Amino acid sequence: MSETRNMAQYSPEGLEERWYDRWENAGLFAPDEDLPGAPFVITLPPPNVTGILHMGHCLGNAIQDTLIRWARMRGQPTLWVPGTDHASIATEQVVTRQMAADGIDKRAAGREAFLERAWVWKEKTHSRITQQIRRLGCSLDWKREAFTMDEARNRAVTEAFVRLKEKGLIYRDVYLVNWCPHCLTAISDDEVEYQELQGHYWHLIYPLADGSGQVTVATTRPETMFGDTAVAVHPSDPERSRLIGKTVLLPLTGREIPIIGDHHADPEKGTGFVKITPAHDPNDFQVGRRHDLPQVICMTPEGVMNESAGKFAGLDRYACREAVVAALGDEGLLGKVEAQEHQVGHHDRCGTIIEPYLSRQWFLRMDQLAQPAVKAVADGEVMLYPERWIGVFNNWMTNIRDWCISRQLWWGHRIPVWYCDGCGGEIAAVEAPTACPDCGGEALRRDEDVLDTWFSSWLWTFSPLGWPEATADLKRYHPTSVLVTAADIIFFWVARMMMASYEFLGEKPFGEVLFTGIVRDDDGRKMSKSLGNSPDPIDLIDKYGADALRCSLVMLTPTGQDIFFSEATLEVGRNFCNKIFQATKLVLGTWDEAGLPAREEAPATAPRILDLQKALGAHDWHDDAGAWFTELWEAVFGTPLPANVGDEDLELADRWVLGRLMRTVADYEDAMGRRRLNDASYGVFNFFRHEFCDWYLEAVKSRMRDADARAVAVQVPVLVLGVAYKLLHPVMPFITEELWSWLPPARGFLMVSSLPENAGAETFAADQERFGRVMEIVTVIRNLRNELDVAPGRRGRVLLRVPDPDQVDDLREDAAEITLLSKLEEVTVVCGGDDPAPAGTGVCGTVEVFLLMAGLVDLDKERQRLTKELDKVRGWIKGCEAKLANEKFTANAPAEVVRKQEELLAENRATAETLAQRLMALAEG
Ligand SMILES: [Zn+2]
Ligand SMILES: [Zn+2]
């Protein structure tokens, strides 16, 4: 028995880490290969190796661990593969900054020195993030841990690149890419974050070269005019298209550029003329390709104007903007200036405004790869939860653009392409070539760039399992079962993983995707490091325990919806932990007093799969509830019931709570199947806290105190506890494992015990209904006690009156239960007869409830209260009557309003009558 049991309040301190070590040392995180079922597999979305755990991770990881533990307890061989991501740009930035702080320039130090330092940093931060994941309780198979840049994963990435290159899907081209002038690298479309900024539309006047007039173009970026190589109008624009073929003189440079016809120019928008800057705008790039326009680059990679900008060369792009606007104004070539909000792309990693930039990059052709992924979602081979993401997914996939996969960075997988100085050939190879296969030349240079980080993550369902080797793991555990991830990386990652899996393995990567919501603060803002509104999850775990954090996150978050998180929500989890703890102490205290056998440390003997239908089939709860209970006990614990329970030993409250337990098991199974983890855990929470603690433990208390009855009686709550721990374990693994270890009939680890399934939801249905009525009557009595302000310690007498003599016997049987739960002296049941007086009255269906006041209540005070109440209601009646007597009202008001008024009058009259009767009853008393 743990010393934890002596605590007054539950405290998870130290206990959680202890259990994690025990599970790991016992090898419970590895899949149990002796189990017959299909494997259940998740590959952990790899956190950045240099990152720290944030609230978004906690939500995602809590959901994954809940699913993993649930599958494990259902008897499936279960594998959750851990890993971390090298996070190319993020890590490169951190290491560059660290070197700069030491006075070292990254480029001067060179690639090797830089990488050496980056690896040291990676090793250091790796243990931090993995330790944090452990604190959360994640049951990951650490022996299979992978890193996106370790040797095996490097091999996978290279293999994937070479295969796609050989297939002609990877090509190199000069193309307009999203360029970060700060990080000096190309980034993909998906790494661009759009923000609405206040800007301007500047109208620039370009004079016609022949002096016959001018055209006006509108732009948000006047500094790019130095890269203009045409002005476009729509070819069917009746007025302006006349100018096609003429030329304009580009202001401030005098360069002559043509006016062309292209449908990109919208006659309804702006001035109808559009400046075309192929090297600095993605749409213009396309226009330039159509018309074979020159591509004039007017900035350096750092975003500084170059020699194309003439006297503006050397100015930063934004300084140049102001200077150009001023210069055009001076020359009378600046037209209207309109304030305008517009979407500006920023680099999501560093916040710098991206610059569309012409450069030579590697691309992956996507349209062909996308096809099987689209089909898989359409056919339901891969399910997306919530389903609203299907539309978003399809929309992106049908408009998919080629993926720019090269990055001008060092921390990453270096592109496996070598260039031959001898013949200019290009060699893509898994192993570094020693000589050129074409000319035999040995002067080979490797491509300087690395691959986009996502080029390794998109292999993540199979590269951690050993691909491209045909490993046993790959054969057994792929496709994986579920992917749990934030929806904002649906394109970066989810869609691409599907493409990679179909391309390289010819099968789906996972059967379903659960998108998690965003964790927001109380004000609805996304929690982020930069806003400083995100608590450190480890601090929260230290303070409240991982169970409380997991429980609050999972239980309060409907699948896929955003969660509004504040520390107060953790109180729910913490209070619940304490509730379970106290209930367990109470019940086990009775167990010990009853002299029932203590726990034996022996291996578990219960089967790993617990189909209740099969286990209990022979014992019908209808005919022999005692035998049914005995069988259930053995199925749940795998040990015999210590004190014999006969049919007659199970009282109404017992049968009710066992029925509710079976219903809870069924609801849980159903909700988990539909991936509604919040409903599943909330259902158990509600059953445990409300029905088991508030009602059942009250009902069984007197038998637990009775020395003759308690050995038999205590077994019911012990069984309920055992099953509740099982249902709660996936979401609250630590406290449930701890308390399971106290349960005398239990054996082995809860974590690998079996989850009851296939429960009869209608078990003890009639008793559930009957005890439901008891609860209602007790609630009415409790309300009456409150209304009449009866002191808590004072017991009293209640009379229940029913119209139907058949009801009397039933109700008499339940009288003892009602007496107990309502803390009364006596409950009498009668059929018909006069109202007892004086009494507080209430109604529950056909049962009238009279709480007899004699000796309970100060009658004078009650008389005053009723008189006051009656006066108030009589006032209302007068108001209603006056209104209805008013002909103007009855003639003009809508019939509905008049009818409502009549109803209100009738209601008030009835109330007045009741009050008057009660007053009379008091007078008689
Ligand atoms: Zn950047
Ligand atoms: Zn060659």
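Whatever comes next refers back to the structure up there.
Residues numbered from 1 in each chain as written. Chains lettered and ligands numbered in written order. Predicted model: local features only at pLDDT ≥ 70, side-chain atom pairs only at ≥ 80, totals over all residues. Heavy atoms only, no water.

Participant: Quick rundown of the coordination of the zinc ion (ligand 1)? Include the residues and the values.
Facilitator: Within the first shell, the zinc ion (ligand 1) binds the protein through C180 (SG), C183 (SG), H347 (ND1) and C350 (SG), at distances of 2.0 to 2.3 Å. Given four donor atoms and angles of 103 to 116 degrees at the metal, the environment of the zinc ion (ligand 1) is assigned as tetrahedral. Counting residues between consecutive donors of the zinc ion (ligand 1) along the chain gives the motif C-x2-C-x163-H-x2-C. By relative accessible area, H347 is classed as buried at 1%. (Donors = N, O, S within 2.8 Å, 3.2 Å for Na, K, Ca; no water. Tetrahedral: all angles 85-135°; square planar, octahedral: opposite > 155°, others 65-115°. Buried < 20%, exposed > 50% of the residue type's maximum accessible area, 1.4 Å probe, protein only.)

Participant: How would you summarise the coordination of the zinc ion (ligand 2) if you had to cite specific residues and measurements?
Facilitator: Only C420 (SG), C423 (SG), C436 (SG) and C439 (SG) from the protein coordinate the zinc ion (ligand 2), and they sit 2.2 to 2.4 Å from it. Coordination at the zinc ion (ligand 2) comes from four donor atoms whose angles at the metal span 97 to 115 degrees, giving a geometry best classed as tetrahedral. Counting gaps between the donor residues of the zinc ion (ligand 2) yields the pattern C-x2-C-x12-C-x2-C. In this structure C436 comes out as buried when scored by relative accessible area, which is 3%.

Participant: Can you tell me about the sheet that holds strand β10 (residues 247-249), naming the residues and giving the values?
Facilitator: Spatially, four strands are ordered β10-β11-β9-β12 in an open sheet, and the strand pairing comes out mixed. On the outer flanks of this sheet lie β10 and β12 (274-276), each paired with one strand and no other. Strand-to-strand twist in this sheet, taken as the mean axis angle between neighbours without regard to direction, amounts to 35 degrees. For β10 and strand β11 (residues 256-261), the ladder comprises three bridges, and the chain directions are antiparallel. The partner of T247 across the bridge, within β11, is P258. (Pairing = 2+ DSSP bridges. Helix = DSSP H or I, 4+ residues; strand = E, 2+ residues; numbered from the N terminus. Axes fitted to C-alpha atoms, helices over the stretch in contact; angles between N-to-C directions.)

Participant: Give a description of the sheet that holds strand β19 (residues 426-428) that names residues and reports values.
Facilitator: Sheet architecture is open: three strands sit in the order β19-β18-β20, paired in antiparallel fashion. In this open sheet, the two edge strands, each paired with only one partner strand, are β19 and β20 (444-446). The sheet shows a mean angle of 30 degrees between the axes of neighbouring strands, direction not considered. Summarising the sheet, strand β18 (residues 417-420) and β19 pair through three bridges and their orientation is antiparallel.

Participant: Which residues make up the packing of helix α14 (residues 537-544) against helix α15 (residues 546-555), and what values go with them?
Facilitator: Where α14 contacts α15, the axes come no closer than 7 Å and their chain directions differ by 115 degrees. The pairing of α14 with α15 is recorded here as roughly perpendicular in orientation. Every residue of α15 that contacts α14 at P537, L540, I541 and Y544 is listed here: A546, A548 and L549. For the contact of α14 with α15, the residue count by class is seven nonpolar, no polar and no charged. (Parallel < 35°, antiparallel > 145°, perpendicular 65-115°, else oblique. Contact = heavy atoms within 4.5 Å. Nonpolar A, V, L, I, M, F, W, Y, C, P; charged D, E, K, R; others polar.)

Participant: Lay out the pattern of salt bridges in plain terms, naming residues and giving numbers.
Facilitator: Enumeration over the complete set of coordinates arrives at 65 salt bridges. Among the ionic pairs, E448 bridges to R111, the shortest N-O distance being 3.1 Å. Placement of E448 in the loop between β20 and β21 (450-451) and of R111 in helix α5 (residues 111-135) is noted, with a sequence separation of 337 residues between them. Accessibility expressed as a relative area gives 49% for E448, which makes it partly exposed. A salt bridge links E869 to K872; the nearest nitrogen and oxygen atoms lie 3.9 Å apart. Of the two residues, E869 and K872 are both situated in helix α26 (residues 859-885); the distance of three residues between them amounts to about one turn of the helix. Relative accessible area serves as the criterion here: at 30%, E869 is assigned to the partly exposed category. Each member of the salt-bridge network shares a partner with another, and the members are R221, E223, R317, R321 and E355. (Salt bridge = Lys/Arg side-chain N within 4 Å of Asp/Glu carboxyl O.)

Participant: Please provide a residue-by-residue account of unusual backbone geometry, values included.
Facilitator: Between Y385 and P386 the backbone carries a cis peptide bond, its omega angle lying at -10 degrees. Among the secondary structure elements, P386 is positioned in the loop between β15 (383-385) and α10 (389-398). The linkage connecting H478 with the following residue, P479, adopts the cis geometry, with an omega of 0 degrees. Look at L184: it is not a glycine, yet its phi comes out positive at around 55 degrees. Structurally, the position occupied by L184 is in the loop between β5 (170-180) and β6 (185-187). Among the residues examined, L184 registers a relative accessible area of 22% and is labelled partly exposed.

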